[in-house]
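Listed below, chain by chain, are the residues.
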Amino acid sequence: MMRHSIADTVAALRASLPEGVGLVAVSKFHPAEAIEEAYSAGQRIFGESRVQELVAKADALPADIQWHMIGHLQTNKVKPLIGRVALIESVDSERLLELIDRLSDEHGVVTRVLMQVHVAAEETKFGFTPDELIDYFARRAYRNLRATHICGVMGMATNTDDMTRVRADFEAIAGLRRRIAAMCDDLCGFDTVSMGMSDDYLTAIECGSTLVRIGSAIFGERI
Ligand SMILES: *Cc1c(COP(=O)(O)O)cnc(C)c1O
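(A) Structural context of the site of the ligand. Near the ligand the following residues occur: Val26, Lys28, Ile70, Met156, Met197, Ser198, Arg213, Ile214, Gly215, Ser216 and Arg222. Within the side chain of Lys28, a nitrogen or oxygen atom sits 2.7 Å from an oxygen atom of the ligand. Between an oxygen atom of the ligand and a side-chain N or O atom of Ser198, the distance comes to 2.5 Å. A total of 390 Å² of accessible area belongs to the ligand in isolation, and the protein chains cover 89% of it.

Given below as structure tokens:
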């Protein structure tokens, strides 16, 4: 069977998403030509998991692409992203957040970020635990930020076929955002819930996702 083209797949996916749900086309490990194909179908948000790869692609591809950093970020790799990314989705420590804020301030830009929360069963995934995240906001630590806008939360469900567990994970992520927004009435624009990937994005949307991150269903398997 012939595989659908990247452009057709992106166009169909974009048309199928409900109002209010954005699409991050996760292009990590795929070449610039694949991104150009998705771009030709109107896609403008692309997600990368490594700084070097994101920066190289950003330099080579159209300037109106909005790049999202979705992978774990080491503190010594933050600088090239500042002023270049539309959203850092993978802020997983206060130390990283403070560094992003300082570098953004020095650079004279505001960086938009999501707080990555860890609810999945796997131990290897990065992110704040729900308790750590609630504590961060309960302390009102975000008030010290000068050049960073926390736009919401990002998370992943447990990698399992058990859809009951997947649904519970997504509900926990969306519920955390709601709880934090209700607790902190001075927090503005804290409305993004980034969750859902190729295999589970429909469930994620049912649970309140506003941003799905889809790679292999668009670009095929990563080499
Ligand atoms: C790779 C990746 C995705 C996309 O995964 P697919 O299963 O290929 O859709 C989404 N989110 C993050 C954080 C990723 O690293």
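(B) Spatial organisation of the side chain of Ser104. Position of Ser104 among the secondary structure elements: in helix H4 (residues 94-107). Looking at Ser104, its side chain comes within polar contact range of the side chain of Thr111, at 2.6 Å. Those residues within four positions of Ser104 in sequence are excluded, and the remaining contacts are Ile82, Val109, Thr111 and Ala147.

(C) Main features of the packing of aromatic side chains. Taken as a whole and judged by the stated rule, the model has 4 aromatic pairs. With 5.1 Å between their ring centres and 85° between their planes, Tyr136 and Phe137 make a pair best called edge-to-face. Among the aromatic residues, ring-to-ring pairing joins Tyr136, Phe137, Tyr142 and Phe190 into one connected group.

(D) The arrangement of the pattern of salt bridges in detail. Tallied over the full model, the rule gives 12 salt bridges. In this structure, Arg44 engages Asp64 in a salt bridge whose closest nitrogen and oxygen atoms are separated by 3.2 Å. Placement of Arg44 in the loop between helix H2 (32-40) and strand S2 (45-48) and of Asp64 in the loop between helix H3 (51-60) and strand S3 (66-69) is noted, with a sequence separation of 20 residues between them. The residue Arg50 makes a salt bridge to Glu53 at a minimum N-O spacing of 3.0 Å. For Glu53, a relative accessible area of 14% gives the class buried. One continuous salt-bridge network, built from bridges that share partners, spans Glu48, Arg50, Glu53 and Lys57.

What counts and how
- Residues numbered from 1 in each chain as written.
- Predicted model: local features only at pLDDT ≥ 70, side-chain atom pairs only at ≥ 80, totals over all residues.
- Heavy atoms only, no water.
- Near = heavy atom within 4 Å.
- Polar contact = N/O pair within 3.5 Å; in protein donor to acceptor, adjacent residues only side chain to side chain.
- Areas by Shrake-Rupley, 256 points an atom, 1.4 Å probe, with all protein chains shown as cover.
- Helix = DSSP H or I, 4+ residues; strand = E, 2+ residues; numbered from the N terminus.
- Contact = heavy atoms within 4.5 Å.
- Phe/Tyr/Trp six-rings, centres within 6.5 Å; stacked < 30°, edge-to-face > 60°.
- Salt bridge = Lys/Arg side-chain N within 4 Å of Asp/Glu carboxyl O.
- Buried < 20%, exposed > 50% of the residue type's maximum accessible area, 1.4 Å probe, protein only.

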